[in-house]
Amino acid sequence: MKAHLTSFASGVLFAIGLAVAGMTEPSKVVGFLDFFGAWDPSLALVMVGAIGVNLVLFRLIQRRERPRFAVRFYLPTRRDIDVRLVGGAAIFGAGWGLSGFCPAPSLMSVATGNGPVLVFVATMAAGMFLHAGVERLRVRRELRVAQAS
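Residues numbered from 1 in each chain as written. Predicted model: local features only at pLDDT ≥ 70, side-chain atom pairs only at ≥ 80, totals over all residues. Heavy atoms only, no water.

The N-to-C vectors of helix H2 (residues 26-33) and helix H3 (residues 42-62) enclose an angle of 95°; their axes lie 8 Å apart at closest approach. Put simply, H2 runs roughly perpendicular to H3. Two secondary-structure elements touch here, H2 through Lys 28, Val 29 and Phe 32 and H3 through Ser 42, Leu 43, Ala 44 and Met 47. Split into classes, the residues belonging to the contact of H2 with H3 amount to 5 nonpolar, 1 polar and 1 charged. (Axes fitted to C-alpha atoms, helices over the stretch in contact; angles between N-to-C directions. Helix = DSSP H or I, 4+ residues; strand = E, 2+ residues; numbered from the N terminus. Parallel < 35°, antiparallel > 145°, perpendicular 65-115°, else oblique. Contact = heavy atoms within 4.5 Å. Nonpolar A, V, L, I, M, F, W, Y, C, P; charged D, E, K, R; others polar.)

Quick look at the structure:
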């Protein structure tokens, strides 16, 4: 139960931070991406601040023997850059740049009932379901190939 409450509290704190930073406003995001127009660097300052806090806290937390609410740390083991990673990053960046919405702020903004937000979240969910389906097919195909050989 404590793990769920901690996760919920972390999500609320994250949501408050997004709102205070203006990340729920697409105009703020688009302004940050408009390098040759009315560029707004404030989002870069928010990102640098977040990276700084993460660097310090991540190092402190990793000194612990194990996480507070888990048996062990679950950290990525892959270090390679492949087509799927680059493609996913490109799709994420294009969606962010074209819409002005990042996934977490868009979920917060659903409560406004704003049409563009609802369309973005619906298409984001559709993309997630599509990706899950394609992944299932890919894994099945790999299993068939492995069993055949």
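Now for the side chain of Ser 106. Relative to the assigned elements, Ser 106 resides in helix H5 (residues 103-109). Those residues in contact with Ser 106, other than ones at most four positions away along the chain, are Phe 101, Val 117, Phe 120, Val 121 and Met 124.

Moving on, we get to the packing of aromatic side chains. Scanning all chains against the criterion turns up 5 aromatic pairs. Pairing Phe 32 with Trp 96 gives two aromatic rings, centres 6.4 Å apart and planes at 45°, and the pair type is tilted. Of this pair, Phe 32 sits in helix H2 while Trp 96 sits in helix H4 (residues 83-99), and the two are 64 residues apart along the sequence. Residue Phe 32 is classed as buried on the basis of its relative accessible area of 11%. The interplanar angle of 35° and the centroid separation of 6.1 Å between the aromatic rings of Phe 35 and Trp 39 together place this pair among those described as tilted. Looking at Phe 35, the relative accessible area reads 53%, which means it is exposed. (Phe/Tyr/Trp six-rings, centres within 6.5 Å; stacked < 30°, edge-to-face > 60°. Buried < 20%, exposed > 50% of the residue type's maximum accessible area, 1.4 Å probe, protein only.)

In this structure the tally under the stated criterion is 6 salt bridges. Here Asp 82 ties to Arg 78 by a salt bridge, and the two come within 3.0 Å at their closest N and O atoms. Accessibility expressed as a relative area gives 24% for Asp 82, which makes it partly exposed. For Arg 78, a relative accessible area of 51% corresponds to the exposed category. (Salt bridge = Lys/Arg side-chain N within 4 Å of Asp/Glu carboxyl O.)

For the protein, per-residue confidence averages 88 on the pLDDT scale, and 100% of positions sit at 70 or higher. When the elements of the protein are averaged for pLDDT, H2 gives the smallest value, 82, and helix H6 (residues 115-148) the largest, 92. (pLDDT = per-residue confidence, 0-100.)

Judged by side-chain polarity, Met 47, Ile 51, Val 53, Leu 55, Val 56, Leu 57, Leu 60 and Ile 61 come together as a nonpolar surface patch covering roughly 710 Å² of accessible area. The exposure class assigned to Leu 57 is partly exposed, which follows from its relative accessible area of 43%. (Patch = residues over 30% accessible without salt bridge, like charges linked within 9 Å, V, L, I, M, F, W, Y side chains within 5 Å. Areas by Shrake-Rupley, 256 points an atom, 1.4 Å probe, with all protein chains shown as cover.)

With that settled, the discussion passes to H6. Over its 34 residues, H6 runs 49 Å from end to end, which matches the ideal 50 Å to within 8%, given 1.5 Å per residue. The set of residues buried in H6 consists of Val 117, Phe 120, Val 121, Met 124, Gly 133 and Glu 135. On its buried side, H6 packs onto H4 and H5. (Expected span 1.5 Å × (residues − 1).)

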